There are 2 protein chains.
Amino acid sequence: MKRKSTKKIILEKALEHFSKQGYAGASIRQIARSVGIRESAIYNHFESKEEIFLALLYQFKSQTISKEILNDELLDQLSNPENFLKVFTRRLIDFWNTPQERKFIRVLLMEQFTKIGSSEISISEYLTDLRSICKLIFGEMSKNGIIKKFDTVVLADEFAAFLFLLRSEKISGDEKLPITKIYDLAEMHVDFFWNSVKA
Amino acid sequence: MKRKSTKKIILEKALEHFSKQGYAGASIRQIARSVGIRESAIYNHFESKEEIFLALLYQFKSQTISKEILNDELLDQLSNPENFLKVFTRRLIDFWNTPQERKFIRVLLMEQFTKIGSSEISISEYLTDLRSICKLIFGEMSKNGIIKKFDTVVLADEFAAFLFLLRSEKISGDEKLPITKIYDLAEMHVDFFWNSVKA
DNA sequence: TATTAGAATGAACACTCGTTCATAAACTAA
DNA sequence: TTAGTTTATGAACGAGTGTTCATTCTAATA
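The model shown is predicted, which means the values in this text are computed figures rather than measured ones. All residue numbers refer to positions counted from 1 along the written sequence of the respective chain. As a convention, the first chain written is A and the first ligand written is 1, with the rest following in written order. Predicted model: local features are reported for residues with pLDDT of at least 70 only, side-chain atom pairs are reported and counted for 80 or more only, and whole-chain, interface and lining totals are derived from all residues. Side-chain metrics in this entry use all non-hydrogen atoms of the structure; hydrogen atoms and water are not considered.

Caption draft 1: Looking closely at the overall build of chain A. Each helix is a run of H or I in the DSSP string that is no shorter than four residues. Each strand is a run of E no shorter than two, and both are numbered from the N terminus. Helices and strands together make up the secondary structure of chain A, namely twelve helices and zero strands. Its C-alpha atoms give chain A principal-axis dimensions of roughly 65 × 40 × 30 Å. Each residue is placed in one exposure class: buried if its accessible area under a 1.4 Å probe, protein chains only, is under 20% of its type's maximum, exposed if it is over 50%, and partly exposed if it falls in between. By residue count, 46% of the 199 residues in chain A fall in the buried class. Note on definitions: a residue-residue contact is assigned when non-hydrogen atoms from the two residues lie within 4.5 Å. Within chain A, contacts between residues at least 6 apart in sequence are counted, and of these 67% link residues at least 24 apart. When the accessible area of chain A is evaluated, it comes to approximately 9800 Å², of which 51% is carbon and sulfur surface. Looking at charge distribution, chain A has the averaged site of its 30 positive side-chain charges lying 6 Å from that of its 27 negative ones. Methods summary: accessible areas were calculated by the Shrake-Rupley approach with a probe of 1.4 Å, and residue burial reflects only the protein chains presented. Asp and Glu are treated as the negative residues and Lys and Arg as the positive ones, with His and the ends of the chain left uncounted. Where a charge lies is defined by one atom per residue type, namely NZ (Lys), CZ (Arg), CG (Asp) and CD (Glu).

Caption draft 2: A look at helix α2 (residues 28-35) of chain A. Residues and elements named next belong to chain A. Turning to α2, its buried residues are Ile-28, Ile-31, Ala-32 and Val-35. Burial along α2 is one-sided: seen end-on, the buried residues are contained in an arc of 100°. Structural note: α2 exposes Arg-29 and Arg-33 on the side pointing more than 90 degrees away from its buried face. Those residues of α2 hidden inside the fold are in contact with α1 (6-25), α3 (39-42) and α4 (49-61). Positive backbone phi, at 100°, marks Gly-36, one or two positions downstream of α2. The directions from the helix axis to the C-beta atoms are what the arc is built from.

Caption draft 3: Spotlight on the protein's contact with DNA strand C. By nearness alone, 17 residues border DNA strand C, and A:Arg38, A:Ser40, A:Asn44, B:Arg29 and B:Lys49 come closest of all. Of all atoms in DNA strand C that approach within 4 Å of the protein, 42% are sugar or phosphate atoms. Contact between DNA strand C and B:Ala26: a phosphate oxygen at 3.4 Å from a main-chain N or O atom of the residue. Polar contact criterion, stated in full: a pair of N or O atoms within 3.5 Å, where within protein one must be able to donate a hydrogen and the other to accept it, and residues adjacent in sequence count only if both atoms are side-chain atoms. At 2.8 Å, a side-chain N or O of B:Tyr43 approaches a phosphate oxygen of DNA strand C. Broken down by class, the residue content of the surface near DNA strand C amounts to five nonpolar, seven polar and five charged. A cutoff of 4 Å decides nearness: a residue is near a molecule or strand if any of its heavy atoms lies inside that distance of it. Residues are grouped as follows: Ala, Val, Leu, Ile, Met, Phe, Trp, Tyr, Cys and Pro are nonpolar; Asp, Glu, Lys and Arg are charged; all remaining types, including Gly, are polar.

Caption draft 4: Focus on the domain arrangement of chain A. Residue and element names in this part refer to chain A. The source of the domain bounds is an automatic or database domain assignment. With domains assigned, chain A is organised as domain 1 (6-56) and domain 2 (63-197). Put simply, the middle of domain 1 and the middle of domain 2, counted by C-alpha atoms, are 30 Å apart. Contacts between the two partners involve 13 residues from domain 1 and, on the opposite side, nine residues from domain 2. Buried area adds together the accessible area that both of two parts lose upon being put together, with accessible area traced by a 1.4 Å probe. In total, about 980 Å² of surface goes out of reach between domain 1 and domain 2, with carbon and sulfur atoms giving 74% of it. For domain 1, the biggest contributors to the area lost against domain 2 are Leu-15, Ser-19 and Phe-53; these three give 52% of the whole. Salt bridges are counted wherever a side-chain nitrogen of Lys or Arg sits within 4 Å of a carboxyl oxygen of Asp or Glu. Inspection of the region where domain 1 meets domain 2 yields one salt bridge. Close ionic contact of Lys-103 with Glu-16 constitutes a salt bridge, the shortest N to O distance being 3.8 Å. At the boundary of domain 1 and domain 2, one finds two residue pairs in polar contact (both at pLDDT 80 or more). For the side of domain 1 that touches domain 2, the secondary-structure elements that each account for two or more residues are α1 and α4.

Caption draft 5: View of the protein's contact with DNA strand D. Inspection of the region around DNA strand D gives 17 residues, with A:Arg29, A:Tyr43, B:Arg38, B:Ser40 and B:Asn44 positioned closest. The sugar and phosphate moieties of DNA strand D supply 42% of its atoms located within 4 Å of the protein. Within the contact set of DNA strand D, a base nitrogen lies 2.8 Å away from a side-chain nitrogen or oxygen of A:Arg29. Within the contact set of DNA strand D, a phosphate oxygen lies 2.7 Å away from a backbone nitrogen or oxygen of B:Arg38. Elements supplying a minimum of two residues to the surface near DNA strand D: α2 and α3 of chain A together with α3 (39-42) of chain B. Across the surface near DNA strand D, the residue classes break down as five nonpolar, seven polar and five charged.

Caption draft 6: Local environment of the relation of the copies chain A and chain B. Residues below a pLDDT of 70 in either copy are left out; the C-alpha atoms of the rest, at least 70 in both, set the least-squares superposition of the copies. By a simple turn and slide, chain A fits onto chain B: the slide is 0.0 Å along the axis, the RMSD is 0.0 Å, and the turn is 180°. Both copies of the chain, as the preceding transformation shows, are related through a two-fold rotation axis. Within chain A, the C-alpha atom positioned nearest to the axis of rotation is that of A:Met110, 1.9 Å from it. Interface overlap between copies: 100% of the residues of chain A at the interface are likewise at the interface in chain B, consistent with a symmetric, same-surface contact.

Caption draft 7: Region of the structure containing helix α12 (residues 179-197) of chain A. Working rule for helices: expected span equals 1.5 Å times residues minus one. In a regular helix each residue adds 1.5 Å, so 19 residues correspond to 27 Å; α12(A) covers 27 Å between its end C-alpha atoms and thus fits that length. Turning to α12(A), its buried residues number three or more, namely A:Ile182, A:Tyr183, A:Ala186, A:His189, A:Val190, A:Phe192, A:Phe193, A:Trp194, A:Ser196 and A:Val197.

This is the structure we're talking about:
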């Protein structure tokens, strides 16, 4: 078994440090020590600290909810909309609960306002994915008379805001809630939401 | 008119830098230059950089929603619950939209996961204020049969999550939405919410 | 086995960091 | 005015920052 390339380990450890101390707070030397090499060796793989950061951003930008979660199997369940929402939400949580995603959202929340961040990332951009999918879903449901008539943009945000708070606070936060608790909270939200919008 | 004390100006400028670059990214020298003094003079007023940060935290910890927003005049409007929620939300937004609060929430979002932050602050703690007030409000409404029976904890979060997202993204974010737009978004949320819970 | 490209090293660079300290200036109270 | 206190200064500190570079090691290719 070939072991992971140094470049990947650097990215891995960099994400770990960035997620704990922020971009400015983490140092090349700390990252290098975690990888098990000297700091100068880092520059055989990346041109600068910023390039490491941007490489991480790029890595996560390429993972979209639609790619990772929405598939035919799930879409087949659209005939039972409430169940569809529950399965969709559960998969969302599983996806967000992966170690990488947990760290990434922390970096995002920390760096969204800084110079290095604001030019390249924006929290809206990363939310857009979930939002646009919600708009699609609820737009379709609305058209088919499954749910009441609403502004789909508002609907999408009403559904997504709670989940986003759940993500940043409960999933990626420091208080380690068991995953079942998080499932429960999400399900209660879907219940509340569905009860509000169903035709 | 006596001019502001140096100590207050230091806090003011420190908040500004922290909100733009984070705690680790902002330096004593930058802050000192903004104040118009040398960095060594800072230490006549604060023992360390960390003490400045903690002083800022303390300052904002003492401002609670209940103190700043909830007063008798507002509570008198509880007879018209929907209107009460709208006025309450509008005041919340006005409060969150003050320059100081806009900067503070940024610092909070940035530092919530860092070492210096996590030992002293937590995003939950600062949300608790709004949450507990919501629980109180909705608990009372539920008891009086004004709204349907719900788990008040869930209700509180359903109401607060959207507003929190509005705050971090639209009010304190970099895209400068006109305040009227924000009012509109909030009112649409209250409409949706009220429509879902009213008896 | 000899050659070569990629990766790691350790020392060094110029800089910035937070903090300290003796000293000087500015303000207050007697 | 004088004495005393607070505040500001500028230089210095040790440590840490990101980055460079000549050199050595390693592993695959010829």
